[in-house]
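Chains, contacts and geometry: an overview
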Amino acid sequence: MVRAIPLRRPWLWLGSAVVVALAVVLAVAIYRGHDIHGAATAQLQFGPAMLRGLQITIVLAVLSEIIGIALGILLAVMRLSPGTVLRLGSGFYVWLFRGTPLLVQILIWGNLALLFEYIGPFKTTTLMTPFVASVVALGLNEGAYMAEIMRAGIVAVDRGQLDASLALGMSSALALRRIVLPQALRAIVSPAGNQFISLLKATSLVSVIAGGDLLTVAENISPANLRSIELTLVAALWYLVLTTVTSVGQYFMERRLGRGGMGIHAGP
Amino acid sequence: MAAAAWGFMPVRNVARLFVPAMPMVRAEDVHKRYGRLEVLKGLHLEVAAGEVLCIIGTCGSGKSTLLRCINHLERIDGGRLYVDGELMGYREGGDCIYEIRQRDLCRQRAGVGMVFERSNLFPHLTVLENVIEAPVHVKHEPKAAAIEHARALLKRVGLLDRLDAYPGRLSGGQQQRVAIARALAMRPKLMLFDEPTSALDPEVAGEVLSVMRGLAHEGMTMIVATHEMAFVRDVGDEVVFMDGGVIVESGNPRDVLLHPQHERTKAFLQVGASLADGSRSGPC
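Computed from a prediction, not measured in an experiment: that's the story for all the values here.

1. Some words on the side chain of H72(B)
Residue and element names in this part refer to chain B.
- Following the sequence through the fold, H72 ends up in the loop between α3 (63–70) and β4 (78–83).
- The class for H72 is buried, based on a relative accessible area of 4%.
- What H72 contacts, discounting residues up to four positions off in sequence, is M88, G89, Y90, E99, L105 and R109.

What follows is the structure, given as structure tokens:
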């Protein structure tokens, strides 16, 4: 038998060697980093303050995402409507909220009392607590991004689907809810998952208005115990856990939607 | 003497004597334009209840547009379009007609079934779910009754064994038969077919055409835009030839297909005859 030898690939080997060498250097550096107190870090990781911050981060992200999705659907439908004013209004919203930094938006919402002393009959400072301001800022910003994702998803659904729905006597709202959106979901779930991961990390920005999230907690404790780098790492690790869980969820949702052509059961 | 005769006459016939039969579809001077392109240029049409009207004509002659106007998927720009005596999508206003609210429009559309060139089945629902979707969510029929009706319809189109399949798993012909069942599930009084076999292979087209043939024999009022000349000849009660947004010629299918009077009809049928055996010309 003649042996078949595959092509040698020296660059592949060299590249791999470089990656391994870098990993070793990094591990050594971390190990030698004498300023990091291992035991104290572990204690902080599951300390009550951090867990409280974790809880607020999750609640912040989930509430903002719910606002973002609802707003995104509304803005996408406005964008695709025949009314020029609605289309322009939606476009303007997206332009404004995507075009300015989220950090700036958070600062504006957090300091709204400086702009308006009263919102209706209420005093701004009592209504706009740091937590409320955080949810509003993140939710409104998320809405702008979700609008673009939703619009792309809806546009991806074949026009004939709407024709068929209307011909059966469905109203356009029913057709959207029962026929178009479930199909758009396939094109939406992947970018929306990425967007949610971004949002999870963006919640850390609300620490600038003391929103009470993980990073706020970390910054609050550090003057007391002077372990600011450990606390930052502790927070980083929690963010990593949250984004990992989200990624896994996203993977399963994509697989479920992709099954057998289109496997979602939008049961009545 | 005369009075005695009246006494024995069935009531149904009396009604027929005095009330002129109302056509199922009536188009009066219907105009439709897309931007500057006028697609329907003052079209007149009448389809009696129980009649099968076939529309033939080249691509771009306005066949599809006419069908889409009949169930108001497209707005008309002028004229009047009646379905079963009701102005479709509009209400009478003397000099003008005014478009009606969506809720009323949906009620009107629910009585008119439509089958498209591509099946447009809902890919995220199974065959059975496709068929019961509108009865359950538009007509609010009880689900059990809707399922029972759907099974009967799917049996009729020969797909009872594919109830739980997703449309993506069906052949083109099977998809079109499900689309017919889905439209029939709303118990329409009128069925519109927009080139239902043009996207299918000739072998597969036959199974769809035979379902349509059965429907015609049961007395369904049908308007069929098609290139299937054999179907027009055998099933059509009347045929109209459309060209440039108007009806050029109409009449009994055998007369029109064999002895066309108009030059444009002759030219169209000759081109058709040179393609594939005279029975079938290509899709648009």
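Okay, back to it.
2. A look at the sheet that holds strand β1 (residues 25–34) of chain B
Residue and element names in this part refer to chain B.
- Reading across the sheet, the four strands line up as β2-β1-β4-β5 and stay open at both edges, with antiparallel pairing between neighbours. The strands lining the two open edges of the sheet, one partner per strand, are β2 (37–47) and β5 (86–87).
- For β1 and β2, the ladder comprises eight bridges, and the chain directions are antiparallel. Its bridge partner being in β2, R33 is matched across the sheet by E38.
- In the packing of α3 onto the sheet, the strands contacted are β1, β2 and β4, and the crossing angle to β2 comes to about 65°.

3. Section: unusual backbone geometry
- For A210(A), which is not glycine, the phi dihedral falls at a positive 55°.
- One can find A210(A) in the loop between α10 (172–202) and α11 (214–225).
- Positive phi is not limited to glycine here, since N120(B) has a value of about 55°.
- Here N120(B) lies in the loop between β8 (112–115) and α5 (127–137).

4. Focus on the interface of chain B and chain A
- Taken residue by residue, the interface counts 29 residues in chain B and 27 residues in chain A.
- Surface buried jointly by chain B and chain A totals about 2300 Å² across both partners, of which 58% is contributed by carbon and sulfur atoms.
- Three residues, F122(B), H124(B) and H137(B), lead the burial of chain B against chain A; their summed loss comes to 25% of the area buried on that side.
- Between the two partners, chain B and chain A, sit three salt bridges.
- Measuring nitrogen to oxygen at the nearest pair gives 3.4 Å for the salt bridge that ties R118(B) to D158(A).
- There are seven residue pairs in polar contact (both at pLDDT 80 or more) connecting chain B and chain A.
- Going through the elements one at a time, α4 (102–110), β8, α5 and α7 (172–184) of chain B are the ones with two or more residues in the side of chain B that touches chain A.

Quick notes on the rules
Residues numbered from 1 in each chain as written. Chains lettered and ligands numbered in written order. Predicted model: local features only at pLDDT ≥ 70, side-chain atom pairs only at ≥ 80, totals over all residues. Heavy atoms only, no water. Helix = DSSP H or I, 4+ residues; strand = E, 2+ residues; numbered from the N terminus. Buried < 20%, exposed > 50% of the residue type's maximum accessible area, 1.4 Å probe, protein only. Contact = heavy atoms within 4.5 Å. Pairing = 2+ DSSP bridges. Axes fitted to C-alpha atoms, helices over the stretch in contact; angles between N-to-C directions. Buried area = accessible area lost by both parts, 1.4 Å probe. Salt bridge = Lys/Arg side-chain N within 4 Å of Asp/Glu carboxyl O. Polar contact = N/O pair within 3.5 Å; in protein donor to acceptor, adjacent residues only side chain to side chain.

The analysis is restricted to geometry; functional conclusions fall outside its scope.
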